[in-house]
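# Inside the fold
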Amino acid sequence: KVCFCDTNGELGTKTLSELQSKYGEGNAMFQTCDVSLQQPMENLFKKVKETFGCLDIVCNNAGIGGEVYPLWEKTIDVNLKGTTRGTLLALEHMRTDKGGKGGVIINISSAAGLNVNPLSPVYSATKAGIIALTRSLAMNSEVKSAGVRLNVVCPAFVDTDLIKEINDDNCLDVQKASKFIEMIGVVSKEVVVDCFMELVRDVNQNGAVVKCSKMDGTQYTSIEVKPVT
Ligand SMILES: NC(=O)C1=CN([C@@H]2O[C@H](COP(=O)(O)OP(=O)(O)OC[C@H]3O[C@@H](n4cnc5c(N)ncnc54)[C@H](O)[C@@H]3O)[C@@H](O)[C@H]2O)C=CC1
Ligand SMILES: CCCCC/C=C\C=C\C(=O)C/C=C\C/C=C\CCCC(=O)O
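Residues numbered from 1 in each chain as written. Chains lettered and ligands numbered in written order. Predicted model: local features only at pLDDT ≥ 70, side-chain atom pairs only at ≥ 80, totals over all residues. Heavy atoms only, no water.

Among the 16 residues in the neighbourhood of ligand 2, the closest are listed as Ser-110, Asn-115, Tyr-123, Lys-211 and Asp-216. Between an oxygen atom of ligand 2 and a side-chain N or O atom of Lys-211, the distance comes to 2.8 Å. Asp-216 has a polar side-chain atom sitting 3.4 Å from an oxygen atom of ligand 2. For ligand 2, whose unbound accessible area comes to 610 Å², protein coverage reaches 94%. Among the secondary structure elements, those contributing two or more residues to the shell around ligand 2 are helix 4 (111–114), helix 7 (161–164) and helix 8 (174–184). Broken down by class, the residue content of the shell around ligand 2 amounts to nine nonpolar, five polar and two charged. (Near = heavy atom within 4 Å. Polar contact = N/O pair within 3.5 Å; in protein donor to acceptor, adjacent residues only side chain to side chain. Areas by Shrake-Rupley, 256 points an atom, 1.4 Å probe, with all protein chains shown as cover. Helix = DSSP H or I, 4+ residues; strand = E, 2+ residues; numbered from the N terminus. Nonpolar A, V, L, I, M, F, W, Y, C, P; charged D, E, K, R; others polar.)

Attention shifts here to the pairing of strand 5 (residues 148–155). In terms of residue burial, strand 5 counts as a mostly covered element, since eight of its eight residues are buried. Where burial is concerned, the two faces of strand 5 agree: the one with Val-148, Leu-150, Val-152 and Cys-154 and the one with Arg-149, Asn-151, Val-153 and Pro-155 are both buried. Of the pairings in the sheet, the one linking strand 4 (residues 103–108) to strand 5 comprises six bridges and is parallel in character. Among the inter-strand pairings, Val-104 is bridged to a residue of strand 5, identified as Arg-149. Sheet topology note: the strand 5/strand 6 (residues 209–213) ladder contains four bridges and is parallel. In the sheet register, Val-153 faces strand 6, and the bridge partner there is Val-210. (Buried < 20%, exposed > 50% of the residue type's maximum accessible area, 1.4 Å probe, protein only. Pairing = 2+ DSSP bridges.)

Moving on, we come to unusual backbone geometry. Omega for the peptide link from Tyr-69 to Pro-70 comes to 0°, which places this bond in the cis form. The topology assignment puts Pro-70 in the loop between strand 3 (57–60) and helix 3 (71–94).

Grouped together as the largest cluster of nonpolar side chains are 22 residues, with contacts concentrated most on Phe-45, Met-94 and Ile-105. Not counting residues within four places of it along the chain, the set of residues in contact with Met-94 comprises Leu-55, Asp-56, Ile-57, Val-58, Gly-100, Lys-101, Gly-102, Gly-103, Val-104, Ile-105, Ala-146 and Val-148. Residues Val-104, Val-158, Val-187 and Val-200 belong to the second largest nonpolar core, which totals 14 residues. (Core = buried A, V, L, I, M, F, W, Y, C linked by side-chain atoms within 4.5 Å. Contact = heavy atoms within 4.5 Å.)

Our next topic: the environment of Cys-5. With respect to the secondary-structure elements, Cys-5 resides in strand 1 (residues 2–6). What makes Cys-5 partly exposed here is its relative accessible area of 25%. Once you skip the residues sitting within four places of it in the chain, Cys-5 turns out to touch Phe-30, Gln-31, Cys-33, Val-35 and Leu-44.

Right, let's get into the confidence of the model for the protein. Taken as a whole, the protein shows an average pLDDT of 97; of its residues, 100% reach a score of 70 or greater. Scored as a whole, the predicted complex attains pTM 0.97, and scored at its interfaces, ipTM 0.97. (pLDDT = per-residue confidence, 0-100.)

Close to ligand 1 lie 24 residues, the nearest being Asp-6, Asn-61, Tyr-123, Val-158 and Thr-160. Within the side chain of Asp-6, an N or O atom sits 2.5 Å from an oxygen atom of ligand 1. A distance of 2.5 Å separates an oxygen atom of ligand 1 from a polar atom in the side chain of Thr-160. Sorting the residues of the shell around ligand 1 by element identifies helix 5 (121–138) and helix 7 as the ones contributing at least two each. Looking at the shell around ligand 1, the element that brings in the most residues is helix 7, giving three residues. Of the residues assigned to the shell around ligand 1, the class counts are 13 nonpolar, seven polar and four charged. Split by domain, the shell around ligand 1 shows at least three residues from each of two domains, domain 1 (1–32) and domain 2 (44–220). (Domains from an automatic or database assignment.)

Now the structure itself:
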């Protein structure tokens, strides 16, 4: 069973029909929702719990690019604040000490959050924030005891609409970006999905940061963690 949300109602409804004809009407749900708004997101999580009984897997995926005012503020609202909101609401509903059944949260960051990205610094900052948020919560002993794992996927360029829409609003130098994309290469959506599924299925993965790129394939990064006593 799956519920997904998007601000694009038309695309969401089309995808919902496809999922329902493949998996059955009762097994897929779509809600138009903006991840940057608290009340609609709270309502959505409540609705999913009422409809499906519990939440086992939550993916915070919504993301945009924007480097000039006011778009750079929206980029932080959607990417960093939206992912933080989705993560904290997911924890509220999944933690065993709050009546949930435990589960896994997968956040979608970017290779731009692991590396410097002079062509989209605000986007990069939001993605670095997502990595820090996810790893920090994954290492929190109370979250661990409450049965929730958190992992983060950091794709380099992926074959989606986002990279077809690179322009002067979301990139500081479009020409340099095209050359950069040509050099790094573009990975298929399937590679990212495989990586996502591995992090869902492997119960030993908690706090994992996985980069997927055409150039280097799928790599688990290792960042030293000093345990907090
Ligand atoms: N395409 C790429 O090269 C890469 C993408 N990513 C990340 O992957 C995630 C998915 O992006 P793509 O599928 O590539 O882009 P996309 O533009 O095709 O899809 C993003 C989706 O997010 C939705 N969205 C935007 N703002 C929203 C909001 N406030 N609330 C709810 N939904 C909203 C859009 O309507 C769209 O359907 C993003 O977080 C992106 O930053 C990460 C690395 C590389
Ligand atoms: C370049 C402008 C991007 C604007 C936003 C649109 C698309 C976003 C794509 C990504 O998230 C992919 C991003 C980044 C690549 C950054 C660094 C790649 C480093 C590759 C590597 O370390 O192997």
